[in-house]
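If you want the building blocks of each chain, they are given just below.
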Amino acid sequence: CQIAGMQTQPIHDDYADDVVFVTFLIEGHTGSPATLEDVQTWTIDHNITTAPILQASREYVLDPAGITGYLVGGFPTYVYLDRSLTIVDAHAGFSELHVRQILDGML
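Quantities reported herein were computed from a predicted structural model and do not represent experimental measurements.

Student: Give a detailed account of a nonpolar patch on the surface, specifying residues and quantitative values.
Tutor: Taken together, the side chains of V20, V22, F24 and L54 define a hydrophobic patch exposed on the protein surface, amounting to about 390 Å² of accessible area. The residue L54 is located in strand β4 (residues 53-55) in this model. Relative accessible area serves as the criterion here: at 38%, L54 is assigned to the partly exposed category.

Given below as structure tokens:
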């Protein structure tokens, strides 16, 4: 997987025995809601080989009131859940070192 020119597939490979990675695509290339075709194109364009890519909707990931969900403030946004599905951490933007530090701290 490649996001903004950065490789995430090595992270997926290194943590595959302990972590489940899932990508939710909420927009297509034009900024419109993601379609199944957008998901298929994303998977091919970013050479994703292990993590599932799911078609999602903004209404499920954006919660301006902060009551029912997590506010996505930028792309990509990472949300880390523990085994009980409690949000442990989150951040916008990609930093391989930061992602690995959070994962290591959770394991």
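Let us keep going from here.
Student: Mind laying out the packing of aromatic side chains, listing which residues take part and the relevant values?
Tutor: One pass over the structure, following the stated rule, counts 2 aromatic pairs. Consider the rings of Y78 and Y80, whose centres lie 6.3 Å apart with planes at 15°: the pair is stacked. Taken individually, Y78 and Y80 each receive the classification buried, so the pair is uniform in this respect. With a centroid separation of 6.2 Å and an interplanar angle of 40°, the aromatic rings of Y78 and F94 are classed as tilted. With Y78 in strand β5 (residues 77-81) and F94 in the loop between β6 (87-92) and α4 (96-106), this pair connects stretches of sequence that are 16 residues apart. Exposure remark for F94: the relative accessible area of 14% places this residue in the buried category. One aromatic cluster is present, built from ring pairs that chain together Y78, Y80 and F94.

Student: Hey, could you go over unusual backbone geometry for me, with residue numbers and the actual values?
Tutor: Located in the positive-phi region is L85, a residue other than glycine, with phi close to 65°. Mapped onto the fold, L85 is located in the loop between β5 and β6. Judged by its relative accessible area of 63%, L85 is exposed.

Reading the values: the criteria
- Each chain has its residues counted from 1, running along the sequence as written.
- Only residues with pLDDT of at least 70 are given local features in this predicted model, and only at 80 or more are side-chain atom pairs given and counted; all residues enter the totals for whole chains, interfaces and linings.
- To get the side-chain values, take all heavy atoms of the structure and skip hydrogens and water.
- Patch definition: residues with relative accessible area over 30% and no salt bridge; like charges joined within 9 Å; nonpolar side chains (Val, Leu, Ile, Met, Phe, Trp, Tyr) joined within 5 Å.
- Here the open area of atoms and residues is found with the Shrake-Rupley method and a 1.4 Å probe, where only the protein chains shown may cover a residue.
- Within this document, salt bridges are pairs made up of a side-chain nitrogen of Lys or Arg and a carboxyl oxygen of Asp or Glu, the two lying within 4 Å of each other.
- Numbered from the N terminus, helices here are DSSP runs of H or I no shorter than four residues, and strands are runs of E no shorter than two.
- Partly exposed describes any residue whose relative accessible area lies between the buried limit of under 20% and the exposed limit of over 50%, with all areas from a 1.4 Å probe on protein chains only and scaled to the type maximum.
- Pairing of aromatic rings covers Phe, Tyr and Trp, the last counted by its six-membered ring, and requires centre-to-centre distances within 6.5 Å; plane angles under 30 degrees mean stacked, over 60 mean edge-to-face, and any other angle means tilted.

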